Amino acid sequence: MKLNIVKIRFWCFAFSALLILPGLIGMIYSTITSPTHTPLKVGIDYTGGTTLQYGVKKDVTNAEIAKIRTNLEANNIENPYIQIVNVNAKKNDSNLKAMISIRTKFIDSKSNAQNTITQVIQKDYPDAQLVQVASVGPTMGKELFKNSLIALSLALLGIVCYLTIRFQFDYALAAILGLVHDVLFVCGVFALMGIFKGVEIDSLFVTAILTVIGFSVHDTIVVFDRIRENLRYYAKKMTFSEIINYSVEQTMARSINTSLTTLITLLALYFFGGVTTKNFVLAMILGITIGTYSSIFFCTVLIDIWKDKAPGATTKKVETAAA
């Protein structure tokens, strides 16, 4: 059975709207109600924060990290970001085995939060030593947020220029709309997670979005390349819509297989990796999944609609080779 993407193009758009609209509403709601007035709930990377490092004399397991996080949250330390750094005792001439790094909201001199964190850590690790305290003020956080937006904008601009040179402007525009489609979906999911579960984004999230953009446009280019090649050989035998369908048929298995192999690795990282990278991996999983969908069911049908509406567009049926 041959796949007819063009025939179901309006169903594809309806499904895309169903995926994006709830998240878009969530981003608007978050912008209005959140203290920072941002579409997503931002973490301390962007609002400023304090990092405290404690040296301990034994190794710390993932289960113990989860326990520390639970105890800190029970003592009103919101969304602590915990990392464990192994220490080479011989190299550092000390008996410390690991460093517990806790990053939380900005702690000023009047706050008792630092003492609370120290008490929580020393409850399970009586010999824990506070080794270092480093703070990033809100101004620095805003600067990092601005730089992240600049990085995203430059990435999109570079892709537009490349696709315009490589193909045509209408292909480039379709690919960019596909990228916007993918980014809105991922951001929308995290906006809803921020509203209902308090999930915050950090600089790793921006890294995930940039990676998703690259993966998505790569997948789209493969499909567009096949359309361009088929136009050279079948332009006189098929309509543009038929060439679209034929090209998607040829590339769909490759796109799905490539995405599946990546998703298997990401799923392993999500379920068996560290807690601190879960949101990063989740953003990658969502982005690659929606990117595979959009390159096949969104970008290609956009091209078909534009070509169909263009002046002088052909609507002839398939001609026989003899003709």
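Note that the structure is a prediction, hence the values are computed from the model and not measured. (Residues numbered from 1 in each chain as written. Predicted model: local features only at pLDDT ≥ 70, side-chain atom pairs only at ≥ 80, totals over all residues. Heavy atoms only, no water.)

**A look at the overall build of the protein chain**
Across its full length, the protein chain carries 11 helices and 4 strands. Burial analysis of the protein chain (323 residues in total) assigns 41% to the buried set. Considering only contacts within the protein chain whose residues lie at least 6 apart along the sequence, 77% involve residues at least 24 apart. As displayed, the protein chain offers around 17,700 Å² of accessible surface, 62% of which is attributable to carbon and sulfur atoms. (Helix = DSSP H or I, 4+ residues; strand = E, 2+ residues; numbered from the N terminus. Buried < 20%, exposed > 50% of the residue type's maximum accessible area, 1.4 Å probe, protein only. Contact = heavy atoms within 4.5 Å. Areas by Shrake-Rupley, 256 points an atom, 1.4 Å probe, with all protein chains shown as cover.)

**A short note on a nonpolar patch on the surface**
Taken together, the side chains of Leu21, Leu24, Ile28 and Ile32 define a hydrophobic patch exposed on the protein surface, amounting to about 370 Å² of accessible area. Considering the arrangement of structural elements, one finds leucine 21 in helix H1 (residues 9–33). (Patch = residues over 30% accessible without salt bridge, like charges linked within 9 Å, V, L, I, M, F, W, Y side chains within 5 Å. Salt bridge = Lys/Arg side-chain N within 4 Å of Asp/Glu carboxyl O.)

**Observations concerning the packing of helix H3 (residues 62–74) against helix H5 (residues 113–124)**
Direction vectors running N to C along H3 and H5 enclose 140°, while the axes themselves pass 10 Å from each other. With respect to each other, H3 and H5 are oriented oblique. Crossing of H3 over H5 shows right-handed handedness. Residues Lys67, Ile68, Asn71 and Leu72 of H3 form the contact with H5, whose own contacting residues are Ile117, Val120, Ile121 and Asp124. (Axes fitted to C-alpha atoms, helices over the stretch in contact; angles between N-to-C directions. Parallel < 35°, antiparallel > 145°, perpendicular 65-115°, else oblique. Left-handed = near helix turned anticlockwise from the far one by under 90°.)

**A word on helix H8 (residues 203–234)**
For an α-helix, 3.6 residues make a turn, and residues three or four places apart therefore share a direction. Counted at 1.5 Å a residue, the expected span for H8 with its 32 residues is 46 Å, and the 47 Å between its end C-alpha atoms agrees. One side-chain oxygen at the N-terminal end of H8 lies 3.1 Å from the backbone nitrogen of leucine 204; it belongs to aspartate 202. (Expected span 1.5 Å × (residues − 1). Polar contact = N/O pair within 3.5 Å; in protein donor to acceptor, adjacent residues only side chain to side chain.)

**Description of the confidence of the model for the protein chain**
Fine structural detail should not be taken from predicted coordinates in areas where pLDDT scores are low. Per-residue confidence for the protein chain gives a mean pLDDT of 82, with 89% of residues at or over 70. The low-confidence segment residues 89–93 (pLDDT under 50) makes 3 contacts with residues lying over four places distant or belonging to another chain. (pLDDT = per-residue confidence, 0-100.)

**What to know about the packing of helix H7 (residues 169–197) against helix H10 (residues 278–297)**
Taken N-terminus to C-terminus, the directions of H7 and H10 make an angle of 145°; their axes are 9 Å apart at the nearest point. Crossing handedness for the pair H7 and H10: right-handed. Here H7 contributes Gly178, His181, Asp182, Phe185, Val186, Val189, Phe190 and Met193 to the contact with H10, which in turn contributes Asn279, Leu282, Ala283, Leu286, Gly287, Ile290, Gly291, Tyr293 and Ser294. Looking at side-chain class alone, the contact of H7 with H10 contains 10 nonpolar, 6 polar and 1 charged residues. (Nonpolar A, V, L, I, M, F, W, Y, C, P; charged D, E, K, R; others polar.)

**A look at the packing of aromatic side chains**
For the structure on display, the rule yields 7 aromatic pairs. Ring centres of phenylalanine 15 and tyrosine 293 lie 5.5 Å apart, and the angle between their planes is 75°; on these two criteria the pair is classed as edge-to-face. Within this pair, whereas phenylalanine 15 is found in helix H1, its partner tyrosine 293 is found in helix H10, the two being separated by 278 residues in sequence. Members of the aromatic cluster, each reached through a chain of ring pairs, are Phe15, Tyr293 and Phe297. The aromatic ring of tyrosine 81 is capped on one face by arginine 103, whose charged end is 4.3 Å from the ring centroid. A cation over an aromatic ring shows up here: lysine 278 above the ring of tyrosine 270, its NZ or CZ 4.3 Å from the ring centre. (Phe/Tyr/Trp six-rings, centres within 6.5 Å; stacked < 30°, edge-to-face > 60°. Lys NZ or Arg CZ within 6 Å of the ring centre and 35° of its normal.)

**A word on the nonpolar core**
Most often, soluble globular proteins keep nonpolar side chains buried together rather than apart. Within the largest apolar cluster, 57 residues are counted, with the highest numbers of intra-cluster contacts made by Leu40, Leu163, Val186, Phe190, Phe205, Phe224 and Ile227. Going through the elements one at a time, H1, helix H6 (138–166), H7, H8, helix H9 (240–272), H10 and helix H11 (299–309) are the ones with two or more residues in this core. Broken down by element, this core gets its largest block of residues, 12 residues, from H7. Residues in contact with isoleucine 227, not counting those within four places in the same chain, are Tyr171, Phe240, Ile243, Ile244, Ser247 and Thr300. Membership of the second largest hydrophobic core comes to 19 residues, among which are Val60, Ala98, Ile100 and Ala113. (Core = buried A, V, L, I, M, F, W, Y, C linked by side-chain atoms within 4.5 Å.)

**Remarks on the environment of isoleucine 243**
Within the secondary structure, isoleucine 243 sits in helix H9. Sequence spacing of isoleucine 243 and aspartate 304 is 61 residues, and the spatial spacing of their C-alpha atoms is 9.6 Å. With near-sequence residues (within four places) excluded, isoleucine 243 lies in contact with Ile227, Asn230, Leu231, Tyr234, Ala235 and Met238.

**Remarks on unusual backbone geometry**
Its identity as a non-glycine residue notwithstanding, asparagine 76 has a phi of 65°, on the positive side. If you trace the backbone, asparagine 76 turns up in the loop between H3 and strand E2 (81–86).

**Overview of the side chain of serine 255**
Note on placement: serine 255 falls in helix H9. The buried category is assigned to serine 255, whose relative accessible area is 0%. One polar contact links serine 255 to aspartate 219, side chain to side chain, over a distance of 3.4 Å.

**Overview of the side chain of histidine 181**
Here histidine 181 shows up in helix H7. Given a relative accessible area of 3%, histidine 181 falls into the buried group. In terms of polar contacts, histidine 181 uses its side chain to reach the side chain of aspartate 182, at 3.1 Å. Discounting residues that sit within four places of it in the chain, histidine 181 has contacts with Ser16, Ile20, Ile290, Tyr293, Ser294 and Phe298.

**A closer look at the pattern of salt bridges**
In total, this model carries 6 salt bridges according to the counting rule given. Measuring nitrogen to oxygen at the nearest pair gives 2.9 Å for the salt bridge that ties aspartate 225 to arginine 228. Taken together, the positions of aspartate 225 and arginine 228, both in helix H8 and 3 residues apart, correspond to about one turn of that helix. The residue arginine 226 makes a salt bridge to glutamate 229 at a minimum N-O spacing of 3.6 Å. Remark: glutamate 229 and arginine 226 occur in helix H8; sequence separation between them is 3 residues, near one turn of the helix.

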